Amino acid sequence: SKNTEINSLDEALKGADVFIGFSKANMMTKDMLISMSKNPIVFAMANPDPEISYEHAQKARKDIIFMFKIFLSLISIVVPTFHTYLNKYLLALHR
């Protein structure tokens, strides 16, 4: 292991650009989020409830890019479906 001065999530998030969480619900505080860099990207993936709620995240930071599990589930359905229809459309144009 590396020697490090970081001993907590609170310390690790100071100035961070991205947080990817697969831990437990409500373990990220508004203060932790505020301490992140400009336009932070947060993947709050704890199931069934995220590390910080969308509502709390939006109140803490207006510049946040926020993704949580339900959005990823929707993307995994919508993107492949869209891709399939787009391919069919493009193939039809070339015929």
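Residues numbered from 1 in each chain as written. Predicted model: local features only at pLDDT ≥ 70, side-chain atom pairs only at ≥ 80, totals over all residues. Heavy atoms only, no water.

Undergrad: What's the story with the nonpolar core in this structure? I'm lost.
TA: Nonpolar side chains tend toward joint burial in soluble globular proteins. In terms of nonpolar packing, the biggest core is built from 15 residues, with Leu13, Met28, Leu33, Met36, Val42 and Phe66 touching the most fellow members. Apart from residues no more than four positions distant in its own chain, Leu13 is found in contact with Phe19, Met28, Met32, Ser35 and Met36. (Core = buried A, V, L, I, M, F, W, Y, C linked by side-chain atoms within 4.5 Å. Buried < 20%, exposed > 50% of the residue type's maximum accessible area, 1.4 Å probe, protein only. Contact = heavy atoms within 4.5 Å.)

Undergrad: Honestly, the pattern of salt bridges in this entry has me stumped. Any pointers?
TA: Pairing is possible between side chains of opposite charge, provided their charged atoms come close. Tallying each qualifying case throughout the model produces one salt bridge. With a shortest N-O distance of 2.9 Å, Asp63 and Arg61 are connected by a salt bridge. (Salt bridge = Lys/Arg side-chain N within 4 Å of Asp/Glu carboxyl O.)

Undergrad: Looking at this structure, how should I read the pairing of strand β3 (residues 65–68)?
TA: Two faces make up the sheet, and in a regular strand the side chains alternate between them. In this sheet, β3 lies alongside strand β2 (residues 41–44) in parallel orientation, the contact comprising four bridges. Note on β3: the bridge partner recorded for Ala44 is Phe68. Following the chain from β2 across helix α3 (residues 54–60) to the adjacent parallel β3, one finds a crossover that is right-handed. (Pairing = 2+ DSSP bridges. Helix = DSSP H or I, 4+ residues; strand = E, 2+ residues; numbered from the N terminus. Right-handed = clockwise from strand over helix to strand, strands pointing away.)

Undergrad: What's the story with the packing of aromatic side chains in this structure? I'm lost.
TA: Given two aromatic rings, one states the distance between the centres and the angle between the planes to describe the pair. Taken as a whole, this structure holds two aromatic pairs when the rule is applied. Ring centres 5.7 Å apart and planes at 55 degrees place the aromatic pair Tyr54 and Phe66 in the tilted group. In this pair, Tyr54 sits in helix α3 while Phe66 sits in strand β3, placing the two residues twelve residues apart along the sequence. The class of Tyr54 is partly exposed, set by a relative accessible area of 37%. Using a relative accessible area of 10% as the deciding quantity, one classes Phe66 as buried. (Phe/Tyr/Trp six-rings, centres within 6.5 Å; stacked < 30°, edge-to-face > 60°.)

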